[in-house]
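Coordinate inspection notes
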Amino acid sequence: MALTATIFKAELTISDMDRDYYATHNLTVALHPSETESRMMLRLLAFALNAHEDLAFSKGISNPEEPDLWQHNPNGTVAHWIELGMPDEKRLRKACGMAEKVTVYCYGPRAPQVWWDGIKNKVQRFDNLSVIHIDHDSEVALEGCVNRTMQLQAMIQDGQTWFGTTDNNIEIGLDRWYPAGK
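Residues numbered from 1 in each chain as written. Predicted model: local features only at pLDDT ≥ 70, side-chain atom pairs only at ≥ 80, totals over all residues. Heavy atoms only, no water.

Focus: the sheet that holds strand β8 (residues 149-157)
With mixed pairing, 5 strands are arranged side by side in an open sheet as β2-β1-β8-β9-β10. Where the open sheet ends on each side, the last strands, each with one partner, are β2 (21-31) and β10 (169-172). The average undirected angle you get between the axes of adjacent strands in this sheet is 20 degrees. In this sheet, β2 lies alongside strand β1 (residues 6-16) in antiparallel orientation, the contact comprising 11 bridges. Its bridge partner being in β2, Ser15 is matched across the sheet by Tyr22. Where helix α1 (residues 37-49) meets the sheet, its contacts fall on β1, β2, β8, β9 (160-164) and β10, and the angle it forms with β2 comes to roughly 155 degrees. (Pairing = 2+ DSSP bridges. Helix = DSSP H or I, 4+ residues; strand = E, 2+ residues; numbered from the N terminus. Axes fitted to C-alpha atoms, helices over the stretch in contact; angles between N-to-C directions. Contact = heavy atoms within 4.5 Å.)

Some words on the side chain of Ser58
With respect to the secondary-structure elements, Ser58 resides in the loop between β3 (55-57) and β4 (69-72). Residue contacts for Ser58: discarding those within four places in its chain leaves Glu66, Pro67, Asp68, Leu69 and Trp70.

Focus: the environment of Leu42
With respect to the element layout, Leu42 can be found in helix α1. Excluding its chain neighbours within four sequence positions, the residues that come into contact with Leu42 are Leu84, Tyr107, Ile134, Glu139 and Leu142.

Looking at the packing of aromatic side chains
The way to describe two aromatic rings as a pair is by their centre distance and the angle between their planes. With the rule as written, the count across this model stands at 5 aromatic pairs. On the numbers, 5.6 Å between centres and 25 degrees between planes, the contact of Phe47 with Phe57 is stacked. Placement of the pair is Phe47 in helix α1 and Phe57 in strand β3, with a sequence separation of 10 residues. Neither Phe47 nor Phe57 differs from the other in exposure class; each is buried. Judged by centre distance (6.1 Å) and plane angle (50 degrees), the ring pair of Trp116 and Tyr178 falls under tilted. (Phe/Tyr/Trp six-rings, centres within 6.5 Å; stacked < 30°, edge-to-face > 60°. Buried < 20%, exposed > 50% of the residue type's maximum accessible area, 1.4 Å probe, protein only.)

Comments concerning the pattern of salt bridges
When their charged atoms lie close together, side chains carrying opposite charge are able to pair. By the definition in use, this model includes 9 salt bridges. For Arg93, the salt bridge is made with Glu89, and the minimal N-O distance between the two is 3.7 Å. Residue Arg93 and its partner Glu89 are located together in helix α2 (residues 89-98), separated by 4 residues, close to a single helical turn. For Glu89, a relative accessible area of 23% gives the class partly exposed. Note that Asp117 is salt-bridged to Lys120, the shortest N-O span being 3.7 Å. According to the relative accessible area criterion, Asp117 is partly exposed, its value standing at 42%. Each of the salt bridges in this network shares a partner with another, and the network as a whole consists of Glu35, Arg39, Arg43 and Asp68. (Salt bridge = Lys/Arg side-chain N within 4 Å of Asp/Glu carboxyl O.)

Topic: unusual backbone geometry
The omega angle of the peptide bond from Tyr178 to Pro179 is -10 degrees, so this bond is cis rather than trans. Tracing the sequence through the fold places Pro179 in the segment after β11 (174-178). The phi dihedral of Asp20 is positive, around 60 degrees, even though this residue is not glycine. Inspection of the secondary structure assignment puts Asp20 in the loop between β1 and β2. A residue is classified by how much of its surface remains accessible, and Asp20, at 59% relative accessible area, is exposed. Phi angles above zero are rare outside glycine, and Asp158 is one such case at about 50 degrees.

Okay, structure coming up:
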């Protein structure tokens, strides 16, 4: 018997003072059987960091041709491709060719640095790519926010991000690896 996704509901209130974006999104998130709760929370964090009225979760893990999140232009083209993990060069080339903007959020204790060291020289030709590492301690702390029905808040100001619930607010460690200095 095939396992089915577990459905989570999240009311996500975003105050992004850096982009002047303030909104509450009522989201339905499917936790794929092969996905961890921590990764699901990272998808919610990625949504908050890139929030837009047209941003949506894709089929993600269920469809390897799609990113974790994406934003489409009114004409159907991809405005923003958002990927979690450590995609190979072929996937990044495809994403950068399809989308106006591509953001990769890599996570984990040690593997992201090994991945980045192996791929960074190959991706420097992609001027629409951003690579951001999410601190492993932040990733682990997000698991404490998981609930079938969640009320989450995200506050972004001066490049700093706080994400969580009323009782569990976490300062998220984000390190921009590419392009450096932006």
